[in-house]
Every structure is written in C-alpha cells, then in structure tokens.
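# Examination of the molecular architecture
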Amino acid sequence: ADFRSAVSKAILNEPDARGEVVVFVHGFNNNFPEGAYRLAQLGHDLGVNAVLVHYSWPSLAHPLGYAYDRDSALFARDGLESLLKELEKAGARRIVIVAHSMGAALTMETLRQISIAREGGLTSRISGVVLVSPDVDVDVFHAQADRIRPLPEPFIIFTSKKDRALALSARLSGQRERLGNIKDLTRLAALKVTLL
C-alpha cells in the first residue's frame, strides 16, 4: 500500500509524464545499488520524462554466479508481474519496460506469463519494451514472442557483437549466439521488432 501510494503521488507530481512509468530490470552480475544507479543514469542521460521504478531481482552479483542468476531470474517472474500490477493500480497509464542482459530473459518470461493468464488490462498498459543486450536464446525468444503476441509497441532490441558477457553466455549454453549478439538478422524478420 505504501509503495502504491508513493507511485500515485509521483505520477501526480510529474504532470508532464502523463502517467508514464519506466521500469528498469537489471541484468546478470548486478546488485541493487548498481541497478538503481544505472536507472538514474538512464533517466538523466536520456532526459526521461516519466516516473522511474527499479525492479531488482536477487542476483548473486558475482561474475561466476551465472547459473545462480539464471535460476534467480526465473524465481523473480512472479515478483515482476506483481510490480507491474501494483503500477497499474497506482494509476500508471503507460508502462515502458527497459531490461538489460539476463533481466531481458526475466522480462520476456514475465510478459509470457501475463499473456497466458490473459491479463488484458495489464497488457494494454505496457506501451513499450526495450531489451538491451538481451541474454536470451533466439529460439526461446521466438516461442515467447509467439505466446505474447501482439508484442508491445514499440519493441526495441539493442544488440552488440562486442558484448563479452553474451559471448560467455553463448559458450556456457553451447550456442553460437544469443539474442543480444545475433548475427543472422533474418532470424527476427517475422517479428514486429526494431533491432539496433
């Protein structure tokens, strides 16, 4: 109740935001302060005119904690869904999700879960998704997107061929590439996404 009240006040105190909330979901090997700092930096650098909310899931925050973090991201799906519902109840008209690395996998699983539960009201509030260097298998992403359809618009994916964490993730999973370092762009041609 306290959180919902604080978000409602923040929405009212930011009339230029017009009810928009940006939720940041941190990635692999990040702790709470690092994620909060990245969100603050994102908001400042881009001049984001919205209420900023950080969803922190229990990362081990250690470079050797990859398996732990993958399990933690799966564990955190219900928590992210609950947060999005609280934002809706607090009066958010539009919710934009920005997710980094393994946080993108968590975000996609949560959106899939919401779609399966047929949470139409909540789905209509999600007005954009930005995945930054998403640590998601490309085939898994297709399966998730098929279940979520229609994908929120805009749906933006930032990729990097130089992301060393994604290269390590691909090696650990026995794959050549992840969604965040995809080389064969035709693999995403059937989806309504913007790839940068």
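Data block above holds the structure.
Treat the numbers as computed from the prediction; the structure is a model and nothing was measured. (Residues numbered from 1 in each chain as written. Predicted model: local features only at pLDDT ≥ 70, side-chain atom pairs only at ≥ 80, totals over all residues. Heavy atoms only, no water.)

What follows concerns the overall build of the chain. Within the chain, the regular secondary structure consists of eight helices and six strands. Mapped in sequence order, the helices and strands of the chain form the string α-β-α-β-α-α-β-α-α-β-α-β-α-β. What you see for the chain is a C-alpha radius of gyration of 16 Å, in line with the 16 Å of a compact globule of 196 residues. In terms of overall dimensions, the chain has a C-alpha envelope of 50 × 35 × 30 Å along the principal axes. Looking at the chain as a whole, 45% of its 196 residues are labelled buried. By sequence separation, contacts in the chain at least 24 residues apart represent 78% of the contacts at least 6 residues apart. (Helix = DSSP H or I, 4+ residues; strand = E, 2+ residues; numbered from the N terminus. Rg over C-alpha atoms; globule rule 2.2 N^0.38 Å. Buried < 20%, exposed > 50% of the residue type's maximum accessible area, 1.4 Å probe, protein only. Contact = heavy atoms within 4.5 Å.)

Another aspect to go through is the sheet that holds strand 1 (residues 20-25). With parallel pairing, six strands are arranged side by side in an open sheet as 2-1-3-4-5-6. Edge positions in the open sheet fall to strand 2 (51-55) and strand 6 (194-195), since each of these has one partner strand only. Across six bridges, the pairing between strand 3 (residues 94-100) and strand 4 (residues 126-132) is parallel. The residue bridging Ile-97 from the neighbouring strand is Val-129, located in strand 4. Strands in contact with helix 2 (residues 32-46) are strand 1, strand 2 and strand 3; relative to strand 2, the strand with the most contacts, it is inclined by about 155 degrees. (Pairing = 2+ DSSP bridges. Axes fitted to C-alpha atoms, helices over the stretch in contact; angles between N-to-C directions.)

Attention shifts here to the packing of aromatic side chains. This structure, assessed with the given rule, holds two aromatic pairs. Ring centres 5.4 Å apart and planes at 65 degrees place the aromatic pair Phe-28 and Tyr-66 in the edge-to-face group. A residue pair is termed long-range when its members are at least 10 positions apart, and Phe-28 in the loop between strand 1 and helix 2 and Tyr-66 in helix 3 (residues 66-75) qualify at 38 residues. What makes Tyr-66 buried here is its relative accessible area of 13%. Between Phe-141 and Phe-155, the ring centres sit 6.0 Å apart and the planes meet at 50 degrees, which makes this aromatic pair tilted. Separated by 14 residues along the polypeptide, Phe-141 in helix 7 (residues 138-148) and Phe-155 in strand 5 (residues 155-158) bring together distant segments of the chain. Owing to a relative accessible area of 0%, Phe-141 belongs among the buried residues under this scheme. (Phe/Tyr/Trp six-rings, centres within 6.5 Å; stacked < 30°, edge-to-face > 60°.)

To characterise two packed helices, one gives the angle between the axes of the helices and the distance between these axes. Relative to each other, helix 4 (residues 77-89) and helix 5 (residues 102-116) sit at 65 degrees, their axes nearing to 9 Å. For the element pair helix 4 / helix 5, the angle class is roughly perpendicular. Here the hand of the crossing between helix 4 and helix 5 comes out right-handed. Residues Arg-77, Asp-78, Leu-80, Glu-81 and Leu-84 of helix 4 form the contact with helix 5, whose participating residues are Leu-106, Thr-107, Glu-109, Thr-110, Gln-113 and Ile-114. Residues of the contact of helix 4 with helix 5, tallied by class, amount to four nonpolar, three polar and four charged. (Parallel < 35°, antiparallel > 145°, perpendicular 65-115°, else oblique. Left-handed = near helix turned anticlockwise from the far one by under 90°. Nonpolar A, V, L, I, M, F, W, Y, C, P; charged D, E, K, R; others polar.)

In total, this model carries eight salt bridges according to the counting rule given. Two residues, Arg-187 and Asp-139, come together in a salt bridge whose shortest N-O distance is 3.3 Å. Highlighted residues: Arg-187 in the loop between helix 8 (164-172) and strand 6 and Asp-139 in helix 7, separated in sequence by 48 residues. Using a relative accessible area of 29% as the deciding quantity, one classes Arg-187 as partly exposed. (Salt bridge = Lys/Arg side-chain N within 4 Å of Asp/Glu carboxyl O.)

This part is about helix 2. Across its 15 residues, helix 2 extends 21 Å between first and last C-alpha, which sits within 8% of the 21 Å expected from 1.5 Å per residue. N-cap assignment for helix 2: the residue whose side-chain oxygen lies 2.9 Å from the backbone N of Glu-34 is Asn-31. Residue Gly-47 follows helix 2 closely and has a positive phi angle near 60 degrees. (Expected span 1.5 Å × (residues − 1). Polar contact = N/O pair within 3.5 Å; in protein donor to acceptor, adjacent residues only side chain to side chain.)

A one-sided burial pattern is seen for strand 5, the buried positions being Phe-155 and Ile-157 and the unburied ones Ile-156 and Phe-158. Alignment of strand 4 against strand 5, held across four bridges, turns out to be parallel. Bridge pairing in strand 5 links Val-129 to Phe-155. Here two bridges tie strand 5 to strand 6, and the two strands are oriented parallel to one another. Residue pairing across strands places Ile-156 opposite Thr-194, the latter belonging to strand 6.

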